[in-house]
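Analysis of the macromolecular model
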Amino acid sequence: MSQLIRGAIPAGILAFTFGAALAALNYGGVSFEAARGSDAMVLWVLPLAKLLFNISAAGTVGTLILICFALSPGTREYRRALNFAAAWAAVWTVTSAASAVLSYIDAAPGVLDFGNAFGPQFPLFLTTIGLGQTWSVTTLIAATVALGCLIVGNIGAVAMVGVLAAVGMVPLTLNSHPNYGANHEPGMAALGLHIISAAVWLGGMMALVAVRPFLRADRLVPVVRRYSTLALICYIVLAASGYLKATISIGSFENLWSPYGVLVLAKGAALLVLGAAGFLQRRWIVRAMESRGVGSIKYFWGLVAGELAFLGIASGIAAALARVDDPNGNVPSAYATLAENMVDHRLPAYPTLWHYLLETRFDPIWVLLCCVGIFAYVAGVRRLHRRGQRWPPHRTVSWLVGALALLYISNGGVNAYRGFLFSAHAITQMALLTIIPLLLVAGAPVALAGRAIRARGDGSRGGREWIRVIARSRLVVVATAPLAATGVLLASLLIFYYPPVLRWSISNQIGHQWMMVHLLLAGSLFVTSVIRGHSPFSRPSAGPLIAVGVVLVGFAVLGIALAAGTDLLQPQWYGAMGRPWGMDPLHDQQAGGTVVVIIAVLQTAGLAIMIARTRCLRPSHLTPSTGTEDQVPSTSGGARQDHEPVGDGSDSCARLDGDAPKNSSSPSEAH
């Protein structure tokens with residue numbers, strides 16, 4: 001019976017998905033009767049082609065994520081899952097190419113006869129038009145992923161292919177909706193989170209069905225439990241991003257009863273049912289499988305079939321919504337000033353300290369990252385406390401303050417003013433390079449993860465294993481050497497002040513996100529290299545101090561050049577927007593140079609305090625000249641260790657491998 005069910009599941013999900021898509025298109029007012037010829041063909045085929053594109057992309061991404069976090073390399077289910085991902089990636093490539101052709105026909109009616117107009121215009125569509133370029137990039141990425149799934153076997157390489165597959169879903173996100181009005185940036189970010197989380201959820205479930213025949217009975221429960229955790233995370237992101245996207249698209253309560261609004265409600269109802277099914281899976285099905293063994297597998301397959309059916313319905317409605325007009329329409333925002341039109345955001349109030357604190361510019365991606373970081377850190381600390389182990393309160397405070405500072409920089413007044421004022425953009429860059437990394441690294445999240453996350457013994461990689469592999473990789477070890485980290489930080493500063501890159505990071509959403517991630521990583525690598533070099537258990541070295549001095553000089557040179565400069569870095573942006581308030585652009589740029597110097601001095605002071613603290617914590621039995629232990633006999637017959645700061649994470653900034661101190665395994669030893 002289970003084989004019959006497994007065979008019926010793919011057919012059932014396709015039937016539910018296509019049926020839901022056709023019903024939603026019909027209800028949404030998309031007329032199939034009025035169209036004739038090529039228009040009728042495109043009207044029918046394009047939504048279905050995009051639907052199959054979405055399913056195949058989800059199958060690829062979800063399977064690769066499941067491989068990376070749930071399956072053990074070298075097993076039969078691991079190889080089966082890789083083949084399954086390769087097959088879906090091949091379908092993804094074909095449907096992407098087909099959708100590119102259909103989108104071209106839809107955008108340029110009358111070329112279906114493949115006459116003289118089709119040949120020369122189609123390459124132009126793929127290379128010069130935004131929609132065609134996104135289809136071209138997506139098709140190339142899908143083909144690369146398909147090839148990668150066939151030739152790689154190492155789980156590290158599979159992870160890189162999985163990241164590439166997730167990136168392959170981004171280009172079309174940028175062109176999937178023409179206008180979100182004044183909420184364009186948060187709307188696009190919410191849409192991207194929505195698409196990727198849905199793909200991981202649906203694709204992981206399909207992969208679970210595919211590998212089930214190759215899983216031993218004792219392996220099924222751990223894999224299902226790990227997938228259940230992934231599904232829960234995806235459900236939270238999917239629900240939050242879907243609510244935000246629907247709020248932006250619908251706009252008002254009255255529009256909720258339009259055809260578009262009713263379809264959104266239907267999709268939301270399917271999501272609620274899926275949430276209830278996930279709750280049953282985690283609370284009842286998995287526990288029954290653990291206690292009853294093989295006898296409870298039938299319940300598992302029943303739940304899988306139901307979840308896939310409702311996922312298919314939601315996917316079909318989502319594909320139809322792309323062709324149904326939303327009630328707000330595609331009316332551009334009526335901005336009153338040129339500055340607002342250039343930044344594509346309302347002009348904030350006159351910049352005062354109070355307004356810097358109160359103004360907001362919402363970014364769902366960084367809200368999600370900051371909330372996940374806070375939740376995961378607090379959960380790790382609580383897990384250690386339940387075990388009777390101690391975690392230093394000052395590290396928790398440092399991490400929480402750093403996460404809240406990052407939340408403010410990415411969503412608060414600085415983010416609201418950065419497009420209008422160079423000084424606000426300089427504050428963003430310097431905070432990401434200096435203050436925020438100092439606070440986050442001082443929280444020692446890697447050491448906390450190494451102690452709080454349970455290790456796996458079946459060869460698969462969970463959060464702890466991935467953190468250890470990344471932290472011990474040659475790239476990270478080299479990048480956290482003081483000389484290399486200093487070079488990366490100064491090079492990053494030069495790159496993002498190069499005028500074309502500076503303009504890209506100011507005016508483009510992707511450029512801004514890239515700048516945020518890059519500068520935060522560069523700053524974190526530098527702070528880690530300095531603090532690790534002055535850990536209580538490291539050999540004393542002047543390298544970190546020299547690195548701090550070089551960086552301070554670099555920041556000072558940049559700040560003085562900006563403060564004393566008489567030429568605008570971006571005259572076609574800040575000089576042309578004509579905002580109605582604030583100092584003139586040149587004086588604002590000079591103020592930004594002063595900000596660079598002040599923040600650089602603050603970072604240097606913070607690093608000096610941390611270095612001084614670690615030197616005070618250096619055990620007295622480490623000789624200053626060599627950093628080695630004086631072997632002073634103790635009552636136990638070993639080297640004296642009574643001065644070692646046990647279990648408080650004081651050396652955790654130096655512990656990139658995340659291992660806990662030796663003597664922190666019990667409450668009595670920790671105290």
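The shown structure was predicted, so the numbers you read here are calculated from the model rather than taken from an experiment. Within any chain, residue numbers begin from 1 and follow the written order of that chain's sequence. Per-residue local features are limited, in this predicted model, to residues with pLDDT of at least 70; the limit for side-chain atom pairs, both in listing and counting, is 80 or more; totals at the level of whole chains, interfaces and linings are taken over all residues. Calculation of side-chain values draws on the structure's entire complement of heavy atoms; hydrogens and water are dropped beforehand.

Examining the overall build of the chain
Scanning the chain from terminus to terminus reveals 26 helices and 0 strands. Long-range contacts, defined here as pairs at least 24 residues apart, represent 77% of the contacts in the chain between residues at least 6 apart. Only DSSP runs of H or I reaching four residues or more are called helices, and only runs of E reaching two or more are called strands; each is numbered from the N terminus. Residue contacts are counted whenever heavy atoms from the two residues lie within 4.5 Å of one another.

Some words on helix α5 (residues 130-151)
Given a helix with a known number of residues, its expected span is that number minus one, times 1.5 Å. Spanning 22 residues, α5 covers 32 Å between terminal C-alpha atoms, matching the ideal 32 Å at 1.5 Å per step. Of all the positions in α5, only Gly132, Thr134, Trp135, Thr138, Thr139, Ile141, Ala142, Val145, Ala146, Gly148 and Cys149 are classed as buried. Type-normalised accessible area, obtained with a 1.4 Å probe on protein chains alone, sets the label of each residue: buried when under 20%, exposed when over 50%, and partly exposed for intermediate values.

A word on the packing of aromatic side chains
Each Phe, Tyr or Trp ring (for Trp, its six-membered ring) is paired with any other whose centre lies within 6.5 Å, and the angle between the two planes then decides the class: stacked below 30 degrees, edge-to-face above 60, tilted in between. Tallied over the full model, the rule gives 10 aromatic pairs. An angle of 90 degrees between the planes, with centres 6.1 Å apart, marks the rings of Phe84 and Trp88 as edge-to-face. Note that Phe84 and Trp88 are positioned in helix α3 (residues 76-107) at a spacing of 4 residues, about one turn of the helix. Each member of the pair, Phe84 as well as Trp88, carries the same accessibility label: buried. Through pairs of rings, three or more aromatic residues link up here, namely Phe53, Trp92 and Trp135. In this structure, Arg461 packs its charged tip against the face of Trp466, placed 4.7 Å from the ring centre. Think of it as a cone above the ring: NZ of Lys or CZ of Arg counts as a charge over the ring if it is within 6 Å of the ring centre and within 35 degrees of the ring normal.

Let's talk about the pattern of salt bridges
Salt bridge, as applied in this entry: a Lys or Arg side-chain nitrogen positioned within 4 Å of an Asp or Glu carboxyl oxygen. The final tally for this structure, using the stated rule, is 4 salt bridges. Put simply, Arg219 and Glu77 hold a salt bridge, and the shortest N to O gap is 3.6 Å. Of this pair, Arg219 sits in helix α9 (residues 217-250) while Glu77 sits in helix α3; the two residues are 142 residues apart in sequence, bridging distant segments of the chain. The burial state of Arg219 is the same as that of Glu77; both residues are buried. Among the ionic pairs, Asp458 bridges to Arg219, the shortest N-O distance being 2.6 Å. One end of the pair, Asp458, is in the loop between α18 (445-452) and α19 (463-471); the other, Arg219, is in helix α9, with 239 residues separating them in the sequence. Taking relative accessible area as the criterion, Asp458 reaches 26% and is therefore assigned partly exposed. Under the relative-accessibility criterion, Arg219 is labelled buried at 8%. Ionic contacts of the salt-bridge type, sharing partners, join the residues Glu77, Arg219, Arg226 and Asp458 into one network.

A word on a nonpolar patch on the surface
To count toward a patch, a residue needs a relative accessible area above 30% and no salt bridge. Like charges then connect within 9 Å, nonpolar side chains (Val, Leu, Ile, Met, Phe, Trp, Tyr) within 5 Å. For every accessible area listed, the method is Shrake-Rupley and the probe measures 1.4 Å; residues are considered covered only by the protein chains on display. A cluster of nonpolar residues, Val170, Leu174, Trp504, Ile510 and Trp514, forms a patch on the protein surface that exposes about 450 Å² of accessible area. Elements that contribute at least two residues to the nonpolar patch include exactly α7 (170-175) and α23 (509-533).

Some remarks on the confidence of the model for the chain
Taken as a whole, the chain shows an average pLDDT of 78; of its residues, 75% reach a score of 70 or greater. A score between 0 and 100, pLDDT records how confident the predictor is in each residue. Element-level mean pLDDT values for the chain span from 35 in helix α26 (residues 667-670) up to 94 in helix α15 (residues 393-411). The model gives residues 620-671 a pLDDT under 50, and that stretch makes 99 contacts with residues more than four places away or in other chains.

Focus: the environment of Asn154
Residue position: Asn154 is located in the loop between α5 and α6 (155-167). Residues Asn154 and Pro73, spaced 81 residues apart in sequence, show a C-alpha to C-alpha distance of 7.6 Å. Counted as a polar contact is a pair of N or O atoms within 3.5 Å, where, for protein atoms, one must be capable of donating a hydrogen and the other of accepting one, and residues adjacent in sequence contribute only when both atoms are in side chains. There is a polar contact of 2.7 Å between the side chain of Asn154 and the backbone nitrogen of Gly156.

Topic: unusual backbone geometry
Despite not being glycine, Ala444 shows a phi value in the positive range, around 50 degrees. Here Ala444 shows up in the loop between α17 (422-442) and α18. The exposure class of Ala444 is buried, given its relative accessible area of 3%.

Some words on a positive patch on the surface
Charged residues are defined narrowly, with Lys and Arg counted positive, Asp and Glu counted negative, and His plus the chain ends left uncounted. The location of each charge is read from NZ of Lys, CZ of Arg, CG of Asp or CD of Glu. A cluster of basic residues, Arg382, Arg386, Arg387 and Arg454, forms a positive patch on the protein surface. Relative to the elements of secondary structure, Arg387 occurs in the loop between α14 (364-386) and α15. Residue classification places Arg387 among the partly exposed residues on the basis of a relative accessible area of 34%.

A closer look at the nonpolar core
Buried Ala, Val, Leu, Ile, Met, Phe, Trp, Tyr and Cys residues that are joined via side-chain atoms within 4.5 Å together make up what is termed a nonpolar core. Ranked by size, the top nonpolar core spans 66 residues in total, and within it Trp391, Leu406, Ile436, Tyr497, Phe526, Phe555 and Val596 carry the most contacts. In terms of residue count, the dominant contributor to this core is α17 (12 residues). Those residues in contact with Ile436, other than ones at most four positions away along the chain, are Gly402, Ala405, Leu406, Ile409, Ala431 and Leu520. Core analysis: the next-biggest nonpolar cluster, separate from the first, contains 62 residues, Ala100, Met206, Val209 and Leu271 among them.

Comments concerning the side chain of Arg361
Within the secondary structure, Arg361 is located in the loop between α13 (353-358) and α14. Leaving out residues up to four positions away in the same chain, Arg361 has contacts with Glu185, Val343, His345, Ser410, Asn411, Gly412, Asn415, Ala416 and Arg418.

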